[in-house]
Amino acid sequence: MARLEARALSKKERRSLLERLKPYYTRIPFSEKADLRLVKARTDSGEYEIIIVDGVPCLFEWSDGRIYPTLQCLKAFGVEWLKGVVLVDKGAAIALAKGAHLMIPGVVGVEGSFTRGDVVAALYHETRTPVMVGVAEVDSSALEKLYREKARGRAVRRVHRLGDALWELAQEVGKRLS
């Protein structure tokens, strides 16, 4: 069980957060008046800071300094605010849940317009369930061509996946704060 410390974000912290999100996302998925809280959690696997938005464990900062959405956030607020998503087949969804990066052969579709380095989500194509958040290794137009040509290589570098320590922590935080 994690030790949690929660507090509301100040106006200055809220403005700073919103400014940091703007370069990476097409729009912000929640209103400026949303209830934003910072939860600091200590677990056996490390220390995490998660931004809670209206009760949903929503955002976290990764080691690259970027703020990423949790899978819970994508489920609650949708994926339309991301620059793009990659649709994956069942085999890829299973491999992603086990910790793999997304490889081109598992891609069955691309939505949106993104460039190499953008934050994207991988969705299981049949249910549109988010299974991974990561960083695009190729841009959307090139990826569409590559998966149709049955090319090989990595499409998206994994940052957060279904079942990882952050996912488990966000589940716990969501239950304890509701």
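Residues numbered from 1 in each chain as written. Predicted model: local features only at pLDDT ≥ 70, side-chain atom pairs only at ≥ 80, totals over all residues. Heavy atoms only, no water.

A. Quick look at the overall build of the chain. What the chain contains, in helices and strands, is five helices and eleven strands. Its C-alpha radius of gyration of 16 Å places the chain within 12% of the 16 Å reference for a compact globule of 178 residues. Along the first, second and third principal axes, the C-alpha set of the chain runs to 50 × 30 × 30 Å. Relative to its 178 residues, the chain shows a buried fraction of 47%. Counting contacts in the chain only where the partners sit at least 6 residues apart, residues at least 24 apart contribute 60% of the total. As displayed, the chain has an accessible area near 9,400 Å², and 49% of this comes from carbon and sulfur atoms. Computing the positive centroid from 30 side-chain charges and the negative centroid from 23, the chain places the two 1 Å apart. (Helix = DSSP H or I, 4+ residues; strand = E, 2+ residues; numbered from the N terminus. Rg over C-alpha atoms; globule rule 2.2 N^0.38 Å. Buried < 20%, exposed > 50% of the residue type's maximum accessible area, 1.4 Å probe, protein only. Contact = heavy atoms within 4.5 Å. Areas by Shrake-Rupley, 256 points an atom, 1.4 Å probe, with all protein chains shown as cover. Lys, Arg positive; Asp, Glu negative; His and termini not counted. Charge placed at Lys NZ, Arg CZ, Asp CG, Glu CD.)

B. Inspection of the sheet that holds strand β10 (residues 129-136) at higher detail. In space, the six strands of this open sheet follow the order β7-β11-β10-β9-β6-β8, with mixed pairing throughout. Two strands close off the open sheet at either side, each with one partner strand: β7 (102-103) and β8 (107-112). Sheet topology places strand β6 (residues 84-88) next to β8; five bridges connect them, and they run antiparallel. Residue pairing across strands places V85 opposite E111, the latter belonging to β8. Sheet strands in contact with helix α3 (residues 90-97) are β6, β7, β9 (119-124), β10 and β11 (154-161), and its direction is about 110° off that of β6. (Pairing = 2+ DSSP bridges. Axes fitted to C-alpha atoms, helices over the stretch in contact; angles between N-to-C directions.)

C. Focus on the state of the cysteines. For the structure shown, the criterion picks out one disulfide. The disulfide partner of C58 is C73, and the gap between their sulfur atoms is 2.1 Å. Of this pair, C58 sits in strand β4 (residues 56-61) while C73 sits in helix α2 (residues 71-77), and the two are 15 residues apart along the sequence. C73 shares its class with C58; the two are buried. (Disulfide = S-S within 2.5 Å.)

D. Looking closely at the side chain of Q72. Looking at where Q72 falls in the secondary structure, it is placed in helix α2. There is a polar contact of 3.2 Å between the side chain of Q72 and the backbone oxygen of W167. Residues contacting Q72, with those up to four places away along its chain left out, are V56, P57, H160, W167, A170 and Q171. (Polar contact = N/O pair within 3.5 Å; in protein donor to acceptor, adjacent residues only side chain to side chain.)

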